[in-house]
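Below are the chains, spelled out letter by letter.
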Amino acid sequence: ELRDRFGPLPDEAENLVSLAELRVLSQHWQIDAIRPDPAGNLVLDFRGIKRISQLETLRPGKLVILDNKTAYVRVPPGDRTAGRYALLLKGILQPS
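Reading the values: the criteria
Residues numbered from 1 in each chain as written. Predicted model: local features only at pLDDT ≥ 70, side-chain atom pairs only at ≥ 80, totals over all residues. Heavy atoms only, no water. pLDDT = per-residue confidence, 0-100. Helix = DSSP H or I, 4+ residues; strand = E, 2+ residues; numbered from the N terminus. Buried < 20%, exposed > 50% of the residue type's maximum accessible area, 1.4 Å probe, protein only. Contact = heavy atoms within 4.5 Å. Polar contact = N/O pair within 3.5 Å; in protein donor to acceptor, adjacent residues only side chain to side chain. Salt bridge = Lys/Arg side-chain N within 4 Å of Asp/Glu carboxyl O. Pairing = 2+ DSSP bridges. Axes fitted to C-alpha atoms, helices over the stretch in contact; angles between N-to-C directions. Left-handed = near helix turned anticlockwise from the far one by under 90°. Nonpolar A, V, L, I, M, F, W, Y, C, P; charged D, E, K, R; others polar.

## Details of the confidence of the model for the chain
Okay, so step 1: Residues at a pLDDT of 70 or more form 100% of the chain, whose mean pLDDT is 93.
Okay, so step 2: Mean pLDDT across the elements of the chain bottoms out in helix 1 (residues 2-6) (80) and peaks in strand 2 (residues 42-46) (98).

Next up, the structure:
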């Protein structure tokens, strides 16, 4: 809707929209935080083992549950940038 009304968005606005989309998707799966680990992969802190288990079932091989509060997403070395993280996460977190 923003693009329709105002035309192409500046990169900063695109980043804000992307971040907002990720927050909504994360809430859907009861994910509280997403952060890179020292190797550049993504660690997801969640509060609902049932919801994250559903996500793991929907995305086999994309997400690994480590314990009752933490999951892990392996990120290829060439994809360890903010933009690529966002695209990867959107692909995993989109409800089916």
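Structure shown, so let's carry the discussion forward.
## A short note on unusual backbone geometry
Okay, so step 1: A positive phi angle, near 60°, is found at Gln-30, a position not held by glycine.
Okay, so step 2: Judged by its relative accessible area of 27%, Gln-30 falls in the partly exposed class.

## A few points about the environment of Arg-35
Okay, so step 1: One can find Arg-35 in strand 1 (residues 31-36).
Okay, so step 2: In sequence terms Arg-35 and Asp-45 are 10 residues apart; their C-alpha atoms lie 8.5 Å from each other.
Okay, so step 3: When near neighbours in sequence (up to four residues on either side) are disregarded, Arg-35 contacts Asn-41, Leu-42, Val-43 and Asp-45.
Okay, so step 4: Within the structure, Arg-35 has its side chain in polar contact with the side chain of Asp-45 (distance 2.5 Å).

## Details of the pattern of salt bridges
Okay, so step 1: A complete count under the given rule lists four salt bridges for this structure.
Okay, so step 2: The salt bridge involving Asp-32 is made with Arg-47; its shortest N-O contact spans 2.2 Å. You can see Asp-32 sitting in strand 1 and its partner Arg-47 sitting in the loop between strand 2 and helix 3 (49-58), a full 15 residues away along the chain.

## Structural notes on the sheet that holds strand 2
Okay, so step 1: Strand order in the open sheet formed by four strands is 1-2-4-3, and the pairing between neighbours is antiparallel. A single partner strand is all that each edge strand has here, and the edge strands are strand 1 and strand 3 (64-65).
Okay, so step 2: The sheet contacts of helix 4 (residues 82-93) involve strand 1, strand 2 and strand 4 (70-73), and relative to strand 1 the element is tilted by about 145°.

## Overview of the packing of helix 2 (residues 11-28) against helix 4
Okay, so step 1: At their nearest, the axes of helix 2 and helix 4 sit 10 Å apart, and the two run at 30° to each other. Here the hand of the crossing between helix 2 and helix 4 comes out left-handed. Two secondary-structure elements touch here, helix 2 through Ser-18, Glu-21, Leu-22, Leu-25 and Ser-26 and helix 4 through Ala-86, Leu-89, Lys-90 and Leu-93.
Okay, so step 2: Counted by class, the contact of helix 2 with helix 4 contains five nonpolar, two polar and two charged residues.

## Quick notes on the pairing of strand 4
Within a regular beta strand, the side chains point alternately toward one face of the sheet and then the other, so they alternate between its two faces.
Okay, so step 1: By the alternation rule, side chains of strand 4 split into Thr-70 and Tyr-72 and Ala-71 and Val-73, which are all buried.
Okay, so step 2: Sheet topology note: the strand 2/strand 4 ladder contains four bridges and is antiparallel. Note that in strand 4 the partner of Leu-42 across the bridge is Val-73.
Okay, so step 3: Where strand 3 and strand 4 come together, two bridges link them in antiparallel fashion. Residue pairing in the sheet places Val-64 in a bridge with Tyr-72 of strand 4.

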